[in-house]
Amino acid sequence: MFKKILVPLDGSALAERAIDQVEKMAKGSEAEVILPEGRPVAPGKAPEAGQMEESKAFAESVTRSKAYLERIVTRLGAISVKSRILIPSGEPHAEILAAAHKEDVDCIVMSTHGGTALARTLLGSTAEKVVYTTKRPVMLVKAKEILAAHLDEGEVFAGVVR
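Rules and cut-offs
- Residues numbered from 1 in each chain as written.
- Predicted model: local features only at pLDDT ≥ 70, side-chain atom pairs only at ≥ 80, totals over all residues.
- Heavy atoms only, no water.
- Helix = DSSP H or I, 4+ residues; strand = E, 2+ residues; numbered from the N terminus.
- Buried < 20%, exposed > 50% of the residue type's maximum accessible area, 1.4 Å probe, protein only.
- Contact = heavy atoms within 4.5 Å.
- Areas by Shrake-Rupley, 256 points an atom, 1.4 Å probe, with all protein chains shown as cover.
- Core = buried A, V, L, I, M, F, W, Y, C linked by side-chain atoms within 4.5 Å.
- Salt bridge = Lys/Arg side-chain N within 4 Å of Asp/Glu carboxyl O.

A. Structural detail: the overall build of the protein chain. Along its length, the protein chain carries six helices and five strands. Secondary structure elements of the protein chain occur, N-terminal to C-terminal, as β-α-β-α-β-α-β-α-β-α-α. Within the protein chain, the fraction of its 162 residues that count as buried is 36%. Long-range contacts, defined as pairs at least 24 residues apart, comprise 74% of the intrachain contacts of the protein chain with a sequence gap of at least 6. Per element, the accessible surface of the protein chain, about 9,100 Å² overall, is 56% carbon and sulfur.

This is the structure:
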């Protein structure tokens, strides 16, 4: 059914909940899973830090991201799911949308919470921006912690999380 599935990750366990669903979607099919990771940010303009320090920090961030995503590629490879990584360097939602367009993906699968706090709205800001901006199908995977805590979704939206 799907030929290309984009699964944006941020390194958090909550974001990885999307992988469980993608394994079910892609296993036994010809679907390719594309994994961008949103942590690396291109060096900014901080003159006090110095260009060499900024470049070194960026290179280390890219190295960590590649290692993290390679673990996910290995996990998917173990069940015969073809996958590859992308290391974007901008705002996460913009990079997700750009990757979806460039790769012409059939579906975007992402967690509703990623690295955001539970007190924030049910849709994290990145997921919200992607959902409301793309014309592609998006599958959102709820964070397990919300379900396990037996919270009323209305309370989460109202910011009443105790």
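Structure's up, so let's keep going.
B. Region of interest: the nonpolar core. One finds Val7, Leu9, Val33, Leu35 and Val109 to be the most contacted residues of the largest nonpolar core, which totals 20 residues. For this core, the element with the highest residue contribution is helix H2 (residues 51-77), accounting for five residues. Filtering out sequence-adjacent residues up to four positions away, Val7 remains in contact with Ala18, Ile19, Val22, Val33, Ile34, Leu35, Pro36 and Val109. Membership of the second largest hydrophobic core comes to 11 residues, among which are Ile34, Leu97, Ala100 and Ala127.

C. Region of the structure containing the pattern of salt bridges. Applying the stated criterion across every chain yields a total of six salt bridges. Between Arg75 and Glu23 there is a salt bridge, and its shortest N-O distance comes to 2.7 Å. Taken together, the positions of Arg75 in helix H2 and Glu23 in helix H1 (residues 17-26) put the pair 52 residues apart, joining distant regions of the chain. On the basis of relative accessible area, Arg75 is assigned to the partly exposed category, the value being 28%. The closest approach of N and O atoms between Glu103 and Arg84, which form a salt bridge, is 2.3 Å. Residue Glu103 is found in helix H3 (residues 92-103), and its partner Arg84 is found in strand S3 (residues 82-86); the two are separated by 19 residues along the sequence.

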